[in-house]
Amino acid sequence: MGESMIRVTVPKREWLLRCYSDHEDVMSLEVQDGGIDLFLPSGSDTVRLEAAQIAAFREALDEAIARAEADLRG
């Protein structure tokens, strides 16, 4: 089997995560200029993450940190 023709050519810069707020919603992590922005669901002061969501958050945050570090290395 040959090399895949379908590839991601731009590094991932946004992660959407399910969370609990006043209603089930999503929050996002975005990497820009070596920094990470965390966007809570509209109108929420806090969100709650359950076990599976905590694991997804940790994975997304680790990936975002790696991307931000790569940006800073330039």
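The structure this text deals with has already been given above.
An account of the accompanying structure is given in this report. Throughout, residues of each chain are indexed from 1 in the direction in which the sequence is written. The model is predicted, so local features are restricted to residues of pLDDT at least 70 and side-chain atom pairs to those at 80 or more, both for listing and for counting; the totals for chains, interfaces and linings are taken over all residues. Computation of side-chain values: all heavy atoms of the structure, hydrogens and water removed.

### Some remarks on helix 1 (residues 51-73)
Logical step 1: Compared with the 33 Å implied by 1.5 Å per residue over 23 residues, the 33 Å span of helix 1 between its first and last C-alpha is a close match.
Logical step 2: Type-normalised accessible area, obtained with a 1.4 Å probe on protein chains alone, sets the label of each residue: buried when under 20%, exposed when over 50%, and partly exposed for intermediate values. Only DSSP runs of H or I covering at least 4 residues are called helices, and only runs of E covering at least 2 are called strands; the numbering of each starts at the N terminus. Turning to helix 1, its buried residues are Gln53, Ala60, Ala64 and Ala68.
Logical step 3: In the stretch just after helix 1, Gly74 is the one whose phi turns positive, near 70 degrees. In this analysis, the expected span of each helix is defined as 1.5 Å times one less than the number of residues it contains.

### Focus: the side chain of Ser28
Logical step 1: Its location among the elements puts Ser28 in strand 2 (residues 24-32).
Logical step 2: On the basis of relative accessibility, which here comes to 8%, the residue Ser28 falls in the buried class.
Logical step 3: Contacts are assigned to residue pairs with any non-hydrogen atoms lying within 4.5 Å of each other. Beyond its immediate stretch of four places on either side in the chain, Ser28 contacts Glu14, Trp15, Leu16, Asp37, Leu38 and Phe39.

### Thoughts on the nonpolar core
Logical step 1: Among buried residues, the Ala, Val, Leu, Ile, Met, Phe, Trp, Tyr and Cys ones that are joined through side-chain atoms within 4.5 Å form a nonpolar core. Counting nine residues, the largest nonpolar core consists of Trp15, Leu17, Cys19, Met27, Leu29, Val31, Ala60, Ala64 and Ala68.
Logical step 2: At the level of secondary structure, the elements contributing two or more residues to this core comprise strand 1 (14-20), strand 2 and helix 1.

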